[in-house]
Amino acid sequence: MRLLYRPTTLRMECDACREQFDPIQGGVCPRCERLLCNRHLYGSWVRRLRGYIGLRTTCPECLAGRGPEPQRWSVSRPAPEERG
């Protein structure tokens, strides 16, 4: 894999294991929106291969129904009842 890309100096922290990883190898689960290393995002080499060819990947915890609920961060205007 080292021949395909050049390792970056940027490091991210996995939300599941709190270890530092190269962002090229991991990613964000589209369902729970957590930043995960490749071990926690893909789970198996078959799912990793699916991600490499461009198919949508979901972390194994979300597939099993154990993933956290997605957090929707919004920078929108307050609701009319909150404006006062």
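Bear in mind that the values here come from a model prediction, so they are computed numbers and not experimental data. (Residues numbered from 1 in each chain as written. Predicted model: local features only at pLDDT ≥ 70, side-chain atom pairs only at ≥ 80, totals over all residues. Heavy atoms only, no water.)

Moving on, we get to the pattern of salt bridges. Tallied over the full model, the rule gives 3 salt bridges. Ionic pairing is found between Arg18 and Glu13, a salt bridge with its closest N-O pair at 3.6 Å. With a relative accessible area of 53%, Arg18 lands in the exposed category. Among the ionic contacts, a cluster of salt bridges with common partners joins Glu13, Asp15 and Arg18. (Salt bridge = Lys/Arg side-chain N within 4 Å of Asp/Glu carboxyl O. Buried < 20%, exposed > 50% of the residue type's maximum accessible area, 1.4 Å probe, protein only.)

On to unusual backbone geometry, then. One non-glycine residue, Arg18, lies in the positive phi region at around 65°. With respect to the helices and strands, the residue Arg18 is situated in the loop between strand 1 (12-13) and strand 2 (20-21). (Helix = DSSP H or I, 4+ residues; strand = E, 2+ residues; numbered from the N terminus.)

Within the element layout of this structure, Asp22 appears in the loop between strand 2 and strand 3 (27-28). Using a relative accessible area of 5% as the deciding quantity, one classes Asp22 as buried. Each C-alpha atom of the pair Asp22 and Arg11 lies 5.2 Å from the other, and the pair is 11 residues apart in sequence.

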